[in-house]
Amino acid sequence: MADRVTVIGWDGSPLTAAARSALSAATLVAGAAHHLALPEIPPAAERIRLGSVDLAARRIAAHRGTAVVLADGDPGFFGVVRTLRAPQYGLEVEVVPAVSSVAAAFARAGMPWDDAHIVVAHSRTLRRAVNVCRAHPKVAVLTSPGAGPAELALLLDGVHRTFVICEELGTEREQVTVLTSDKAADHAWRDPNVVIVIGGSAAGHGGGWLMGRDPGAVRGWGLPAHAYGGDLRTGESAELRAAQLARLGPRAGDLVWDIGCGAGALAVEAARFGAAVIAVDEEPAACARTEAAARHFGVLVQTVAGRAPHVLERLPEPDVVRVGGGGVPVVAACADRRPERIVAHATTRDEAEAIGAALTDGGYTVECALLQSVDLDPGTWTERDRSVVFLLSGHRPAPSP
């Protein structure tokens, strides 16, 4: 096993005294090609081109001597330190940090970043990274080959954002470009790069005490109808909405379809969980109410005016879907897109059975519950309103990460 492993971050600036001292004693050095060309590396040291960090970690664990790993930026921030410290390698790691590429990118842009979300985009996580960019007004994306600015822009089709693209930070070829997302796919970009994605008008970000979006003053979900202007559709009680959200489980990186969004209650509450949301309604006035509710609660929601199921054909793939209107044809069309979960409701048993059959035919495991909620006046304990509805949910196994 290596006697000592020192991980040195490099941001293009001269190496610190601690970094030079560690390199001078190294008998093995791992890093990218531009790291291994540094003049401070001892000529006699074994050099490992860093591709797979797991393979490099195994080589380092078997090495007898002093090892150094060079990495761009802060190696403890979405970097190699996590892998090197994995228990199976048994390595003791010392870190000499540098300025992270994200911090450098925001510095070049002259922007604060305590209110930003930060994601890593590669072939397996690109779609989820794009959904975070849909859901939040400030996101830094650490890209990779095949999951760069052009691919981000293509998947954000229909959502306007501004890109700040920082290429090869800390090198002589460093370049910072600002353009709108619809133009990013027209260019070829050099790796490595960081993309700052800016856009939307959500309020309440950066409270000065928490990284990312401030959670805001509103607590809870399944809020009463008056929180959304009191204009909810018949049968759509706050209790039904809370049950639907519990079954959908929206989260960061998800894309939620809310079909028949009405006043935007479920769309807004799903967005407050951190999910990206596309709210669909055939009535432009419903879309306008949803947009107003999103602004009021400080979240981003994309609205699409049109009649389902036809309007769904041009939407990006959802993770979970709430069908608030359209019945069996819309449920069947959603099942064809194979989201992980679908929820719908019905006011009659016949309608519930038909929706359940459509979900089963689509390959979903179906659950059905009859929900009854009664709104009482706490002063007189008399009934003010009653809602009875069938809640149907279908789920399929989540895809492998």
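Summarised in this report is the structure supplied together with it. (Residues numbered from 1 in each chain as written. Predicted model: local features only at pLDDT ≥ 70, side-chain atom pairs only at ≥ 80, totals over all residues. Heavy atoms only, no water.)

**Observations concerning the overall build of the chain**
Check the secondary structure of the chain and you find 13 helices and 17 strands. Across the 401 residues of the chain, 49% fall into the buried class. A separation of at least 24 residues holds for 61% of the contacts in the chain among residues at least 6 apart in sequence. A total of about 19,000 Å² of accessible surface is found on the chain, and carbon and sulfur atoms cover 53% of it. Of note, the chain has its 38 positive side-chain charges centred 4 Å away from the centre of its 45 negative side-chain charges. (Helix = DSSP H or I, 4+ residues; strand = E, 2+ residues; numbered from the N terminus. Buried < 20%, exposed > 50% of the residue type's maximum accessible area, 1.4 Å probe, protein only. Contact = heavy atoms within 4.5 Å. Areas by Shrake-Rupley, 256 points an atom, 1.4 Å probe, with all protein chains shown as cover. Lys, Arg positive; Asp, Glu negative; His and termini not counted. Charge placed at Lys NZ, Arg CZ, Asp CG, Glu CD.)

**Looking at the packing of helix H9 (residues 238-248) against helix H10 (residues 265-272)**
At a minimum axis separation of 11 Å, H9 and H10 run at an interaxial angle of 45°. In terms of their interaxial angle, H9 and H10 are classed as oblique. H9 and H10 meet at a crossing whose hand is right-handed. Residues Arg 241, Gln 244, Leu 245 and Leu 248 of H9 form the contact with H10, whose own contacting residues are Ala 265, Leu 266, Glu 269 and Ala 270. Of the residues assigned to the contact of H9 with H10, the class counts are five nonpolar, one polar and two charged. (Axes fitted to C-alpha atoms, helices over the stretch in contact; angles between N-to-C directions. Parallel < 35°, antiparallel > 145°, perpendicular 65-115°, else oblique. Left-handed = near helix turned anticlockwise from the far one by under 90°. Nonpolar A, V, L, I, M, F, W, Y, C, P; charged D, E, K, R; others polar.)

**Things to note about the side chain of Lys 138**
Here Lys 138 is to be found in strand E7 (residues 138-142). Residue class for Lys 138 comes out buried when judged on its relative accessible area of 11%. Here Lys 138 is in contact with Phe 106, Met 111, Pro 112, Asp 115, Ala 116, His 117, Val 197 and Ile 198, once residues within four sequence places are set aside.

**A short note on the packing of aromatic side chains**
If you walk through the whole model with that rule in mind, you get four aromatic pairs. Here Phe 106 and Trp 113 contribute two aromatic rings whose centre-to-centre distance is 6.0 Å and whose plane-to-plane angle is 10°, an arrangement assigned as stacked. A relative accessible area of 28% means that Trp 113 is categorised as partly exposed. One residue, Arg 396, lies across the ring of Tyr 364, its end atom 4.3 Å from the ring centre. (Phe/Tyr/Trp six-rings, centres within 6.5 Å; stacked < 30°, edge-to-face > 60°. Lys NZ or Arg CZ within 6 Å of the ring centre and 35° of its normal.)

**As for the layout of surface pockets**
There is about 1,400 Å³ of room inside the largest pocket. Along the wall of the largest pocket there are 47 residues; nearest its centre are Asp 72, Phe 78, Gly 79, Thr 143 and Pro 192. Counting residues per element, the ones that place at least two in the lining of the largest pocket are helix H2 (33-36), strand E4 (66-72), helix H4 (81-84), helix H5 (101-109) and strand E10 (193-198). Split into classes, the residues belonging to the lining of the largest pocket amount to 21 nonpolar, 17 polar and nine charged. (1 Å grid on protein atoms, 1.4 Å probe; cavity = no way out; pocket = protein on both sides within 12 Å on 5 of 7 lines; lining within 4 Å. Points joined across faces, edges and corners; volume = space filled by probe spheres on them.)

**Quick word on the sheet that holds strand E11 (residues 255-259)**
Two pairing modes exist for strands in a sheet, parallel and antiparallel, and in both the strands are linked by backbone hydrogen bonds. Spatially, seven strands are ordered E13-E12-E11-E14-E15-E17-E16 in an open sheet, and the strand pairing comes out mixed. A strand with exactly one partner marks an edge of an open sheet, and here the two such strands are strand E13 (302-305) and strand E16 (365-377). Averaged over all adjacent pairs, the angle separating strand axes in this sheet is 20°, with direction ignored. In this sheet, strand E12 (residues 276-281) lies alongside E11 in parallel orientation, the contact comprising five bridges. Pairing of Leu 255 across the sheet is with Ala 276, part of E12. Against the sheet, H9 makes contact with strand E14 (320-323), strand E15 (341-346), E16 and strand E17 (382-395), and its axis sits at roughly 160° relative to E15, the strand it touches most. Against the sheet, H10 engages E11, E12 and E14, with an angle of about 175° to E12. (Pairing = 2+ DSSP bridges.)

**Re unusual backbone geometry**
Look at the link from Asp 191 to Pro 192: it is a cis peptide, with omega at -5°. Following the sequence through the fold, Pro 192 ends up in the loop between helix H8 (181-184) and E10. With an omega dihedral of 10°, the bond running from Ala 308 to Pro 309 counts as a cis peptide bond. Turning to its location among the elements, Pro 309 is positioned in the loop between E13 and E14. Phi angles above zero are rare outside glycine, and Arg 338 is one such case at about 60°. A relative accessible area of 53% means that Arg 338 is categorised as exposed. The phi dihedral of Trp 381 falls on the positive side, at around 55°, and the residue is not glycine. Tracing the backbone through its elements, the reader meets Trp 381 in the loop between E16 and E17. Given the relative accessible area of 61%, Trp 381 is considered exposed.

**What about the environment of Ser 181?**
Summarising the element assignment, Ser 181 is placed in helix H8. Taking the C-alpha atoms as reference points, Ser 181 and Trp 113, separated by 68 residues in sequence, lie 20 Å from one another. Among residues more than four places away in sequence, those in contact with Ser 181 are Ala 153, Val 159, His 160, Arg 161 and Phe 163.

**Considering the pairing of E4**
Here E4 lies mainly inside the structure; six of its seven residues are buried. Strand direction decides the pairing type here: strand E1 (residues 4-10) and E4, joined by seven bridges, are parallel. Opposite Ile 8, over in E4, you have Leu 70 as the bridge partner.

**Some remarks on the sheet that holds strand E3 (residues 46-49)**
Taken in spatial order, the five strands make up an open sheet running E3-E2-E4-E1-E5, and their pairing is parallel. Strands at the two margins of the open sheet, each flanked by one partner only, are E3 and strand E5 (93-96). Here the average twist between neighbouring strands, direction ignored, is 20°. Lying on the sheet, helix H1 (residues 17-24) is in contact with E1, strand E2 (28-31), E4 and E5; it crosses E1 at an angle near 135°.

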